[in-house]
Amino acid sequence: MLSLDPSGPEWDCPLGSKDLEEEGPWGGGSGLPPTGCFPGSWRQDVGLDCKGSPEGAEARAWTVYYYSLLQSCLQQAGLPETQDRSQVPRTGNMLLCLSPAWLMKVPAPGQPGEAALLVSKAVSFHPGGLTFLDDFVPPRRATYFLAGLGLGPGRGREAAELARDLTCPTGASAELARLLEDRLLTRQLLAQQGGVAVPATLAFTYKPPGLLRGGDASLGLRLVELSGKEGQETLVKEEVETFLCSEALGDILQVAVKLSGWRWRGRQAWRLHPRAELGAVVDTVLALLEKLEEEESVLVEAVYPPAQLPCSDGPSPGPGLAVRICAVVCRTQGDRPLLSKVVCGVGRGDRPLRHHNSLPRTLEVALAQCGLGEEAQVAAVRQRVKAAAEAALAAVLALEAGLSAEQRGGRRAHTDFLGVDFALTAAGGVLTPVALELNGGLCLEACGALEGLWAAPRLGPAADEAVAAPLVETMLRRSARCLMEGKQLLVVGAGGVSKKFVWEAARDYGLQLHLVESDPNHFASQLVQTFIHFDMTEHRRDEENARLLAELVRARGLKLDGCFSYWDDCLVLTALLCQELGLPCSSPAAMRLAKQKSLTQLHLLRHHGPPWPAPSLHAVPCCPLESEADVERAVHQVPLPGVMKLEFGAGAVGVRLVEDAPQCHEHFSRITRDLQGEADHPGIGLGWGNAMLLMEFVEGTEHDVDLVLFGGRLLAAFVSDNGPTRLPGFTETAACMPTGLAPEQEAQMVQAAFRCCLGCGLLDGVFNVELKLTGAGPRLIEINPRMGGFYLRDWILELYGVDLLLAAVMVACGLRPALPTRPRARGHLVGVMCLVSQHLQALSSTASRETLQALHDRGLLRLNLLEEALVPGEYEEPYCSVACAGPSPTEARLRLLGLCQGLGIDGPSYPVAHFLSHFK
């Protein structure tokens with residue numbers, strides 16, 4: 001849900017040439033929008049009025065203005081005109097409201113002082129650049145609100161009021177915007193908390209806000225608190241003289257005198273003075289002091305000349321060019337800042353370079369124009385800008401974390417993106433970005449304008465990732481949390497220690513969980529709203545158990561929004577129970593097909609299409625085994641070498657490479673003897689029996705594809721790579737994410753996994769598909785019709801900001817997760833598994849659980865604990881996964897290898913370097 005109020009262009013107002021009157025950025029002060037701004041042709045007879053909320057003439061004029069602005073933007077981007085379908089509306093996720101009359105706040109029951117935001121009319125956005133003008137009857141509830149804020153003409157004041165104290169998340173508020181627009185406060189924050197370079201500044205404040213602290217001269221910031229606005233001549237002269245002579249100014253030749261505070265947003269009152277003109281600077285400060293109100297400041301700040309860039313091999317640059325850098329940084333999963341995009345303005349160095357008075361261009365082009373074209377130096381500047389911009393947002397988020405809900409403008413108000421303006425200076429021979437100011441939308445607008453250069457056809461290459469992509473991902477994530485808060489979910493099967501994250505995440509998301517579990521003493525029984533002890537270990541009775549469980553649920557009066565499971569043993573039972581209760585889920589037949597491995601392969605082998613390519617291309621010949629006679633028959637039907645595994649197994653327990661008939665008989669006999677029932681190895685599927693299968697062994701690299709499907713549509717896919725296993729076993733050794741496959745191969749893997757799921761009838765849910773990439777293309781190992789296990793949910797959340805658990809519970813409630821179509825990884829993770837049989841000594845000493853956890857807490861490795869006890873056994877699952885992050889797979893791999901050598905995880909019988917060799 002978006003409501004954007006574009007800021008007016010900043011205009012420079014040199015003192016003496018214009019009075020500092022209270023008028024808007026467009027001038028005139030009439031309260032009406034400008035006319036004749038949008039040459040173009042589009043329909044004028046669209047229904048912009050909202051039923052039940054008539055607008056006055058002035059308000060109507062602004063609505064028409066914003067609608068024309070939207071059409072002009074669409075026209076310039078080569079996109080279709082907005083269609084008016086207000087009489088027959090359809091739904092869309094992203095809504096643009098052009099008038100406050102299209103929105104209304106209603107008191108939220110049970111939440112005093114807060115209100116829900118309802119949408120009666122909006123422009124909705126759809127794939128392909130389509131936009132529609134829609135009416136909503138009844139009004140739709142907003143689950144996220146981002147408002148453009150301002151005090152000038154337009155809709156800023158109304159937007160600020162609409163954003164205050166909402167029950168849905170908001171990405172801005174007037175209260176937070178006031179903080180960001182105070183240059184003095186933000187400079188102090190960036191310098192003291194973020195370690196970001198800011199201009200040397202002398203500030204005179206009158207009744208400063210409580211968040212301001214004493215200036216730190218060592219950081220080039222000096223704060224002088226005034227007792228009044230008059231009679232300050234002596235103090236001002238002394239402070240200005242000291243500042244102009246201070247080392248903080250270095251070789252600076254000019255200073256600017258300007259006003260700082262919310263009132264002066266978008267209209268800069270300033271004057272430039274040579275550093276040597278003490279009297280002129282003092283007179284300007286004294287003149288501006290008369291304009292001050294409480295919590296405002298007069299700033300005397302350094303004006304940095306254009307950086308003298310080393311000339312490249314190209315033509316000599318024009319003299320005196322200055323660069324202003326705009327960086328947009330977004331708040332992502334876990335409140336971490338992420339640089340989205342950088343654009344630059346280039347202009348004459350003897351004039352102020354501001355938004356709207358220079359064309360946007362990339363950092364590379366801007367630096368080349370100024371004489372810096374060497375790739376490594378440009379990359380270094382980009383990295384410094386990235387570090388400074390992300391540190392700026394981190395400092396802002398840290399400040400917000402200490403504010404009350406009232407100070408933020410509501411308990412759900414947070415800053416989700418930030419624009420940071422930098423000047424580029426040469427300090428000590430190093431090109432350094434100096435943060436000039438923070439803004440809420442101007443940098444985003446500049447980045448969007450740069451992307452718009454490629455909108456016209458055949459003008460150049462496709463634009464990079466959209467600047468708004470991380471912001472939209474944050475909107476969708478916060479919206480999803482809002483939708484799911486308070487949802488009632490039944491969880492079937494609690495799982496082990498590796499699934500502890502479920503209970504922590506449920507509390508964080510505000511989910512109300514009700515648990516069905518066979519173990520009456522399971523730790524999770526104390527972490528849920530309702531605990532139902534029910535023995536469901538005998539899965540051949542799932543249909544009967546589903547009916548009994550449905551009766552128990554009804555008897556307890558549970559009003560469920562959904563039911564799901566992430567535990568292999570309970571997937572078919574969960575589908576049957578959903579069917580009994582009328583809750584969303586893939587069909588029991590589909591779950592049975594996917595659960596039994598030989599059925600999966602044999603069913604897909606018969607699935608020749610259409611459509612083509614058919615799932616049969618990815619299936620592998622196999623034969624089910626229930627007796628010695630089946631083994632004898634299978635060795636003549638399935639090419640050897642082959643792979644023998646449990647039909648309903650999990651965790652690669654009992655999986656083995658067999659090269660001839662005697663090995664097949666021997667392994668079948670051993671599994672039949674050792675793994676007869678659930679008590680022999682809990683949690684690997686023996687409650688379904690210990691039947692086996694023999695399938696052809698295919699050569700190739702192994703990969704996991706984690707999919708999110710809704711209504712048979714693929715919403716998201718994440719591909720990871722596995723290292724070579726320790727044959728003849730198939731226990732996982734190592735993994736890497738994102739995949740190192742070429743884009744075409746990655747696409748093949750995703751489509752193969754998707755087609756195999758559809759071929760089995762899996763239409764709704766989060767699924768994990770294991771495949772091998774062979775010379776002939778992807779081949780299916782097995783489908784796990786639940787969220788990926790081990791480290792996968794954690795890694796995907798860490799790298800992509802997408803929570804598979806949240807997606808799974810949304811699908812279980814019949815809600816389509818709104819996920820990024822092309823999520824960008826924030827880095828690379830490479831990990832290895834630790835096995836008790838190989839690492840008992842290390843796990844008891846150098847790599848103890850406490851040691852690994854301490855390294856995890858320090859950010860030196862990523863630990864995923866999979867088992868609780870160090871109990872060796874012939875049939876084992878990994879004890880834990882340890883991983884290292886890096887900006888490249890090579891760096892992550894080398895960090896991990898060094899760590900494993902130091903901790904004693906690497907050794908002759910467990911050669912970590914070999915397991916990581918696929919990731920070079």
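Quick caveat, the model's predicted, so the values are computed rather than measured. (Residues numbered from 1 in each chain as written. Predicted model: local features only at pLDDT ≥ 70, side-chain atom pairs only at ≥ 80, totals over all residues. Heavy atoms only, no water.)

Chemist: Pulling in residues and values, what's your account of the nonpolar core?
Modeler: Formed by 81 residues in total, the largest nonpolar core has its most connected members in Leu-489, Trp-503, Val-832, Leu-852, Val-882, Ile-905 and Leu-916. Here this core gets nine residues from one element, more than from any other, and that element is helix α21 (residues 804-812). Ile-905 has contacts with Val-832, Cys-834, His-839, Ala-847, Val-882, Cys-900, Tyr-910 and Val-912, leaving out every residue within four places of it along the chain. In this structure, Cys-570, Leu-707, Phe-754 and Leu-780 belong to the second largest nonpolar core, which totals 50 residues. (Core = buried A, V, L, I, M, F, W, Y, C linked by side-chain atoms within 4.5 Å. Buried < 20%, exposed > 50% of the residue type's maximum accessible area, 1.4 Å probe, protein only. Helix = DSSP H or I, 4+ residues; strand = E, 2+ residues; numbered from the N terminus. Contact = heavy atoms within 4.5 Å.)

Chemist: Requested: an account of the packing of aromatic side chains, with residues and values cited.
Modeler: Scanning all chains against the criterion turns up nine aromatic pairs. Plain terms: the ring middles of Phe-697 and Phe-730 are 6.3 Å apart, the flat faces sit at 55° to each other, and that makes the pair tilted. Linking Phe-697 in the loop between β25 (692-696) and β26 (701-710) with Phe-730 in the loop between β27 (713-722) and β28 (734-737), this pair joins segments that are 33 residues apart in sequence. With respect to class, Phe-697 is no different from Phe-730; both count as buried. Measuring from centroid to centroid gives 4.8 Å for Tyr-910 and Phe-915, while their planes differ by 65°, and the two rings are edge-to-face. For Phe-915, a relative accessible area of 2% translates into the label buried. Ring pairing ties together the aromatic residues Trp-62, Tyr-65 and Tyr-66, which thus form one cluster. (Phe/Tyr/Trp six-rings, centres within 6.5 Å; stacked < 30°, edge-to-face > 60°.)

Chemist: I'd love a proper account of the sheet that holds strand β14 (residues 321-332), names of residues and values included.
Modeler: Spatially, β15-β14-β16-β17 is the arrangement adopted by the four strands of the open sheet, whose pairing is antiparallel. In the strand order of this sheet, the two ends are held by β15 (336-348) and β17 (430-439), each with one partner. Direction aside, the axes of adjacent strands within the sheet are offset by 30° on average. As defined by bridge partners, β14 adjoins β15 across 12 bridges and the pair is classed as antiparallel. (Pairing = 2+ DSSP bridges. Axes fitted to C-alpha atoms, helices over the stretch in contact; angles between N-to-C directions.)

Chemist: Any chance you could break down helix α10 (residues 442-452) for me, citing the residues and the numbers?
Modeler: Taken together, the buried positions of α10 are Leu-442, Cys-443, Ala-446, Cys-447, Leu-450 and Glu-451. In this fold, the buried residues of α10 make contact with β14, β15, β16 (417-427) and β17.

Chemist: Account for the sheet that holds strand β21 (residues 562-564), with residues named and values stated.
Modeler: Sheet architecture is open: four strands sit in the order β20-β19-β18-β21, paired in parallel fashion. Looking at the sheet topology across the chains shown, the edges are occupied by β20 (530-533) and β21. Between one strand axis and the next, the sheet turns by 20° as a mean value, whatever way the strands run. Across three bridges, strand β18 (residues 488-492) lies against β21 in parallel orientation.

Chemist: Can you tell me about the pairing of strand β9 (residues 201-206), naming the residues and giving the values?
Modeler: Counting buried positions along β9 gives six out of six residues, so the element sits mostly inside the fold. The two faces of β9 match: Thr-201, Ala-203 and Thr-205 on one face and Leu-202, Phe-204 and Tyr-206 on the other face are all buried. Note: β9 against strand β10 (residues 221-226), six bridges, orientation parallel. Looking at β10, one finds that Phe-204 is bridged to Val-224. As paired strands, β9 and strand β13 (residues 296-303) are joined by six bridges and run antiparallel to one another.

Chemist: Lay out the pattern of salt bridges with the relevant residues and their values.
Modeler: With the rule as written, the count across this model stands at 35 salt bridges. Between Arg-183 and Glu-437 there is a salt bridge; the shortest N-O distance is 1.9 Å. Highlighted residues: Arg-183 in helix α4 (residues 183-194) and Glu-437 in strand β17, separated in sequence by 254 residues. Here Arg-183 and Glu-437 have matching classes, each one buried. Put simply, Arg-324 and Glu-437 hold a salt bridge, and the shortest N to O gap is 2.9 Å. (Salt bridge = Lys/Arg side-chain N within 4 Å of Asp/Glu carboxyl O.)

Chemist: I'd like to hear about the environment of Ala-395, residue by residue, with values.
Modeler: Tracing the chain through its elements places Ala-395 in helix α8 (residues 375-401). Taking relative accessible area as the criterion, Ala-395 reaches 4% and is therefore assigned buried. Once the C-alpha coordinates of Ala-395 and Ser-246 are considered, the two residues, 149 residues apart in sequence, prove to be 27 Å apart. Contacts of Ala-395, omitting those with residues within four sequence positions, involve Leu-189, Leu-190, Gln-193 and Gly-194.

Chemist: Tell me what's going on with the packing of helix α17 (residues 628-637) against helix α18 (residues 661-674), and back it up with residues and numbers.
Modeler: Taken N-terminus to C-terminus, the directions of α17 and α18 make an angle of 150°; their axes are 10 Å apart at the nearest point. Our classification of the angle between α17 and α18 gives roughly antiparallel. At the point where α17 passes α18, the crossing takes the right-handed sense. On the side of α17, the interface is formed by Glu-628, Val-631, Glu-632 and Val-635, while α18 contributes Ala-661, Cys-664, His-665, Phe-668 and Ser-669. For the contact of α17 with α18, the class distribution of residues is five nonpolar, two polar and two charged. (Parallel < 35°, antiparallel > 145°, perpendicular 65-115°, else oblique. Left-handed = near helix turned anticlockwise from the far one by under 90°. Nonpolar A, V, L, I, M, F, W, Y, C, P; charged D, E, K, R; others polar.)

Chemist: Please set out the environment of Phe-523 residue by residue, giving values where relevant.
Modeler: Relative to the assigned elements, Phe-523 resides in the loop between β19 (512-517) and β20. Measuring from C-alpha to C-alpha, the distance between Phe-523 and Lys-500 comes to 9.5 Å, with 23 residues separating the pair along the chain. Once residues within four sequence positions are removed from consideration, Phe-523 is found in contact with Gly-496, Lys-500 and Trp-503.

Chemist: Just give me the short version of unusual backbone geometry, but keep the residues and values in it.
Modeler: In this structure, the amide linkage connecting Leu-640 to the following residue, Pro-641, adopts the cis form with an omega of 5°. On the secondary structure map, Pro-641 appears in the loop between α17 and β23 (642-646). In this structure, Pro-728 follows Leu-727 across a cis peptide bond, with omega equal to 10°. In this fold, Pro-728 is placed in the loop between β27 and β28.

Chemist: Give a description of helix α11 (residues 469-484) that names residues and reports values.
Modeler: In a regular helix each residue adds 1.5 Å, so 16 residues correspond to 22 Å; α11 covers 23 Å between its end C-alpha atoms and thus fits that length. With 13 of 16 residues buried, α11 lies mostly within the body of the structure. Directly after α11, the chain includes Gly-486, whose backbone phi takes a positive value near 85°. (Expected span 1.5 Å × (residues − 1).)

Chemist: Would you mind going over the state of the cysteines in detail, with residue names and values included?
Modeler: Enumeration according to the criterion identifies zero disulfides in this entry. For the unlinked cysteine Cys-570, the closest cysteine sulfur is that of Cys-563, found at 10 Å. (Disulfide = S-S within 2.5 Å.)

Chemist: Before we move on, could you go through the environment of Ala-160 and cite the residues and values that matter?
Modeler: One can find Ala-160 in helix α2 (residues 156-163). Along the sequence, Ala-160 and Ala-174 sit 14 residues apart, while their C-alpha atoms lie 5.3 Å from each other.

Any link to function would need more than the numbers given here.
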